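Notes for the structure review
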Amino acid sequence: MLSHSRCLTRNFGRSLSAIRQGNNVLARRATAAISASPSVTFNNTVKSDPRSSVFQIQYFRTSVAYRDEVVTVKTPAFAESVTEGDVRWEKAVGDTVSEDEVVCEIETDKTSVQVPSPASGVIEELLVPDGGKVEGGTPLFKLRKGAGAPKAAEAPKAEAPAAAAPPPPSAAPPPPPPPSAVGPIPTTMPPVPPVPAHAMDTKPVSAIKPTAAAAAPVTLAVGGAKAARTESRVKMNRMRLRIAQRLKEAQNTCAMLTTFNEVDMSNISEMRKTYKDAFLKKHNMKLGFMSAFVKAAAYALSDQPAVNAVIDDTSKEIVYRDYVDISVAVATPKGLVVPVIRNVEGMSFADIEKTINLLGEKARKNELAVEDMDGGTFTISNGGVFGSMFGTPIINPPQSAILGMHGIFDRPVAVGGKVEIRPMMYVALTYDHRLIDGREAVTFLRKIKAVVEDPRVLLLDM
């Protein structure tokens, strides 16, 4: 009995020593499991003897938790019309990212695809260099989940009290008296200046000519702004390259011709002024001029189906569309994008404004998908938002025509034999003369002019 108690005491002492020193892995796991683990597996248990007054030591081990897992993030799948893109990294190796934080952007021919982080962690390795080409499914980077430095503790709200000001000196010396502006009183007479032996030469005041002061020498700093003549080169992104390619293809393929007209914006401006508050209250959006031109273009396209058609160069056929999908040109920092408003022929002014606002918001946030810009049977470009007065737009292939809107300016016009000042806008229609004749183009543009100047034409179907 005595030897058995000594053995148990010796084992208990060794276990306590291992816990204090922290060198025994089994002891550390045991203590961690006692404080945190909800489930513990016991083994190597020594049965207790009821005759012994010394408690038993039970050994156990916990299951291993897999942490700091490294995952490989791959390029997301592109749309059918996009095969590859260029990578532009937003993060570097060693940066800590949170879940859904953008790590890189893939610039394609039509849009930019953002690649977010699937989980919080640290960037372990970048598998593609900046500017490298990738395809769908290409490995991009490795992420170590759950790694990174812990967040800094928040600063306490209560600030420490300001340090007490040092006590003033007990006996400060009196300040010296201020110096007197009047000098000491002279005690002797000032010396008399000697009289010159010869009279001094005198000149009239008018004969004295002032002399110009010497100009300060102009010194130019070495490498100053005036002397600097530098230039820099920036690689064109894929979207800008694609835009340039398509515009040049349009010039080389289409026989482009432009016709012009002017629109009196008085009635549509008065309608907008009258109903803008009620429109905003009901639809929770502002009423603009763009919806009027989109609706007028859909009406004119239905009246002139040749403007809504396209030439299939492969089969040498003309494809007429019974639907109207209008692309609206939107300028972004990365280039010009043309999201599509689909089935405009069946939409109201409110539906058009809602769709334009939605697409514009997605374009500003760089969230436009390729599906938002695919298709389109006609394009409207509004250069008037930048103050343009006149211009000739370029066709957006494979379409056959494009409408250019411009700024609204007050101009004198002849109305009923009298000269009046009206808000006027120049509009331009560039069309493919291979398919569209001058009669259809001019009639189309006059139809838009009639609808915008008097929206009642839509109600009367005239």
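Heads up: the structure comes first, above all this text.
Anyway, here's the lowdown on the structure attached to this text.

About the criteria used
- Residues numbered from 1 in each chain as written.
- Predicted model: local features only at pLDDT ≥ 70, side-chain atom pairs only at ≥ 80, totals over all residues.
- Heavy atoms only, no water.
- Pairing = 2+ DSSP bridges.
- Helix = DSSP H or I, 4+ residues; strand = E, 2+ residues; numbered from the N terminus.
- Axes fitted to C-alpha atoms, helices over the stretch in contact; angles between N-to-C directions.
- Contact = heavy atoms within 4.5 Å.
- Parallel < 35°, antiparallel > 145°, perpendicular 65-115°, else oblique.
- Left-handed = near helix turned anticlockwise from the far one by under 90°.
- Nonpolar A, V, L, I, M, F, W, Y, C, P; charged D, E, K, R; others polar.

A look at the sheet that holds strand S4 (residues 84-89)
Taken in spatial order, the 4 strands of this open sheet run S7-S6-S4-S9, and their pairing is antiparallel. Edge strands, defined here as strands with exactly one partner in the open sheet, are strand S7 (112-116) and strand S9 (133-135). Put simply, the sheet's adjacent strands are angled 40° from each other on average, direction ignored. Contacts from helix H3 (residues 238-253) reach S4, strand S6 (102-107), S7 and S9, with the element oriented near 140° to S4.

So, the pairing of S7
Sheet analysis places S6 next to S7, joined by 5 bridges and oriented antiparallel. By the bridge assignment for S7, Cys104 is matched with Val115. Following S6, the chain reverses through 4 residues before pairing antiparallel with S7.

Comments concerning the packing of helix H5 (residues 290-303) against helix H7 (residues 438-453)
One can describe the packing of H5 onto H7 by two numbers: an axis separation of 9 Å at closest approach and a directional angle of 135°. Compared by their axis directions, H5 and H7 come out oblique. Here H5 and H7 pass one another in a crossing that is right-handed. Taking contact as the criterion, the partners of Ala292, Phe293, Ala296, Ala297, Tyr299, Ala300, Leu301 and Asp303 in H5 are, on H7, Phe444, Lys447, Ile448, Val451 and Val452. Here the residues of the contact of H5 with H7 sort into 11 nonpolar, no polar and 2 charged.

The values reported here are purely geometric and, on their own, carry no functional implication.
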